[in-house]
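# Residue-level structural notes
Here are the chains, one letter per residue:
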Amino acid sequence: MLRARSARVMHEQAHGPNMTPMVDIVMVILIFFMASAAIMGPEWLLRTALPSPKAVGSAAAGDVTPVSASVQVVGGSFRVVLRVGEARREAGVESVASEAASLAREFGADRLVVAIDADAEAPYDAVVRVHEAFVKAGVTRIGLPAPR
Amino acid sequence: MRRLAIHRGASGSHINVTPLIDVVMCLIVFYLIVGRLASTNGQAVAPPATGVGDTAAMPRLVVNVARSDSGAIELSLSGTSLTLESLGEALRLRLGDPPTGEVAIRADRRLAWGDVRPVVEACRAAGLSSVKLVTERNEGATR
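Residues numbered from 1 in each chain as written. Chains lettered and ligands numbered in written order. Predicted model: local features only at pLDDT ≥ 70, side-chain atom pairs only at ≥ 80, totals over all residues. Heavy atoms only, no water.

### Considerations on the overall build of chain A
Condition: The way it works is that DSSP assigns letters per residue, a run of H or I at least four long becomes a helix, a run of E at least two long becomes a strand, and they are numbered from the N terminus. Exposed residues in this analysis have more than 50% of their type's maximum accessible area, buried residues have under 20%, and partly exposed residues fall in between, with area computed by a 1.4 Å probe over protein chains only. Note on areas: Shrake-Rupley with a 1.4 Å probe; residue coverage comes only from the protein chains shown.
Each helix and strand counted, chain A has five helices and six strands in total. Reading chain A from its N end, one meets helices and strands in the order α-α-β-α-β-β-β-α-β-α-β. The buried share of chain A, taken over its 148 residues, is 33%. With the model as given, the accessible surface of chain A reaches about 8600 Å², and the carbon-plus-sulfur share is 62%.

Okay, here's the thing in structure tokens:
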């Protein structure tokens, strides 16, 4: 015991502490965090339907409530115009979430079919935020219709 | 002499595999980082941040849309740069007819909808019935 201890002390005096186990453990921790970050990912995916014009027409005829959400640029700012049948509501991008939740409560989230459209100058970020608002409201059928 | 060394190694001590583990770990880290960088093809794409989204695995085909320093729109399909005109054909080649598989669109948040819509229309023209929009995870979003 004494001899073994003195041998270790002599080795450490000559070569310094053994760094190999620490390097191994740090590497394993590093790989664990990188792998978990790769699996979890910093990104999310929003599934968006690409309906054909024919499909849009059949959706309007079925037992669903079509909603048109249009991001329009007016002057320097933009607004979201929501149309449900003949009814028309306007919202800012900040308040579209509450409007979407209100529509979902009124008509039922599972019955809403949302078509998002936007002016060419509208920010892509605003389009995604409108999409996000309806996803948060529980709507699953959201799409980007073909331009007319 | 060689036989003696092997004999002594087998009976008295084990083969030291620590350097091997260290080198393998370094290689794994290297390839993880390179793979991560290669997936974005070096483009600085900052997708819009959302508080919700699907955590499913990223589709095999990812279209990156970004604006270059010169102001032009740059497209890449899973790391390969291409033009908007060739995107539809590239998607049809990779997805087949009828298309099988999914496509994700990772577009920069600073772009206008008019910059992204042609990519969406190319996916529609390739026969896809849906795409996935890539967003940045922002669970703390209150909007």
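### Let's talk about the pattern of salt bridges
The criterion, for reference: Criterion for a salt bridge: a side-chain nitrogen of Lys or Arg within 4 Å of a carboxyl oxygen of Asp or Glu.
For the structure shown, the criterion picks out 15 salt bridges over all chains. Between A:Glu90 and A:Arg88 there is a salt bridge, with the nearest N and O atoms lying 3.0 Å from each other. A salt bridge links B:Arg124 to B:Glu121, with the shortest nitrogen-to-oxygen separation between them at 2.9 Å. With a gap of three residues between them, B:Arg124 and B:Glu121 both fall in helix α4 (residues 113–125), about one helical turn apart.

### A closer look at a nonpolar patch on the surface
What counts here: Patch building starts from residues that exceed 30% relative accessible area and form no salt bridge, then joins like charges within 9 Å and nonpolar side chains (Val, Leu, Ile, Met, Phe, Trp, Tyr) within 5 Å.
Together, B:Ile15, B:Val17, B:Leu20, B:Ile21, B:Val24, B:Ile28 and B:Leu32 line one region of the surface with nonpolar side chains, adding up to about 610 Å² of accessible area. Looking at the element boundaries, B:Val24 is found in helix α2 (residues 18–39).

### A few points about the interface of chain B and chain A
Frequently, the measure chosen for interface size is the accessible area removed from exposure when the parts meet. The following threshold applies: Only heavy atoms matter for contacts: two residues are in contact if any of them lie within 4.5 Å across the pair. For the purposes of these results, a polar contact is taken to be a pair of N or O atoms within 3.5 Å, where, inside protein, one atom must be able to donate a hydrogen and its partner to accept one; residues adjacent in sequence count only when each atom of the pair is a side-chain atom. Note that Gly is not counted as nonpolar here; it falls among the polar residues with everything else outside the nonpolar set of Ala, Val, Leu, Ile, Met, Phe, Trp, Tyr, Cys and Pro and the charged set of Asp, Glu, Lys and Arg.
Of the residues lining the interface, 53 residues belong to chain B; the matching set on chain A comes to 42 residues. Counting across the chain B and chain A interface gives two salt bridges. For A:Asp117, the salt bridge is made with B:Arg117, and the minimal N-O distance between the two is 3.7 Å. If you look at where chain B meets chain A, you find 14 residue pairs in polar contact (both at pLDDT 80 or more). Where the side of chain B that touches chain A is concerned, the elements lending two or more residues are α2, β1 (49–50), β5 (103–107), α4 and β6 (130–137) of chain B. Each residue belonging to the side of chain B that touches chain A can be placed in one class, and the counts come to 29 nonpolar, 10 polar and 14 charged.

### Focus: the pairing of strand β5 (residues 112–118) of chain A
Residue and element names in this part refer to chain A. For clarity, the cut-off: In this scheme, strands are said to pair when DSSP sees at least two bridges between them. The crossover handedness rule: strands pointing away from the viewer, path from first strand over the helix to second strand clockwise, crossover right-handed.
Residues Leu112, Val114, Ile116 and Ala118 line the buried face of β5, whereas the alternating positions Val113, Ala115 and Asp117 sit on a face that is not buried. Relative to β5, strand β2 (residues 65–74) runs parallel, the two sharing seven bridges. Of the residues in β5, the one forming a bridge with Thr65 is Leu112. One ladder, built from three bridges, connects β5 with strand β6 (residues 141–143); its direction is parallel. For Val113, the partnering residue across the bridge sits in β6 and is Arg141. Running through helix α5 (residues 124–136), the crossover from β5 to the neighbouring parallel element β6 is right-handed.

### Describing the side chain of A:Asp125
Along the polypeptide, A:Asp125 turns up in helix α5. With residues near it in sequence (within four places) discarded, A:Asp125 still touches B:Pro48, B:Ala49 and B:Arg109.

### What about the nonpolar core?
Threshold: As used in this record, nonpolar core signifies buried Ala, Val, Leu, Ile, Met, Phe, Trp, Tyr and Cys residues forming a set joined through side-chain atoms within 4.5 Å.
Formed by 54 residues in total, the largest nonpolar core has its most connected members in A:Phe134 and B:Ile105. If you tally residues by element for this core, the top one is α5(A), at seven residues. Among all residues touching B:Ile105, those that are not within four sequence positions of it are A:Tyr124, B:Val63, B:Val65, B:Val116, B:Val119, B:Val120, B:Cys123, B:Val131, B:Lys132, B:Leu133 and B:Val134.

### Regarding the side chain of B:Lys132
As for its placement among the helices and strands, B:Lys132 is situated in strand β6. For B:Lys132, a relative accessible area of 6% gives the class buried. Within the local environment of B:Lys132, its side chain forms a polar contact with the side chain of B:Glu102, the two groups lying 3.5 Å apart. Once residues within four sequence positions are removed from consideration, B:Lys132 is found in contact with A:Leu45, A:Leu46, A:Arg47, B:Asp54, B:Ala56, B:Pro59, B:Glu102, B:Val103, B:Ala104 and B:Ile105.

### Brief notes about the packing of helix α4 (residues 96–107) of chain A against α5(A)
Residues and elements named next belong to chain A. For clarity, the cut-off: The angle between two axes is taken between their N-to-C directions and runs from 0 to 180 degrees, where each axis is a line fitted to C-alpha atoms and a helix contributes only its stretch in contact. Note on convention: near helix rotated counterclockwise from far helix by under a right angle means a left-handed crossing. Clockwise means right-handed.
Interhelical geometry of α4 versus α5 gives an angle of 35° and a closest axis separation of 8 Å. Between α4 and α5 lies a crossing of right-handed hand. Contacts between α4 and α5 involve Val96, Ala97, Ala100 and Leu103 from the former and Arg129, Val130, Ala133 and Phe134 from the latter. Here the residues of the contact of α4 with α5 sort into seven nonpolar, no polar and one charged.

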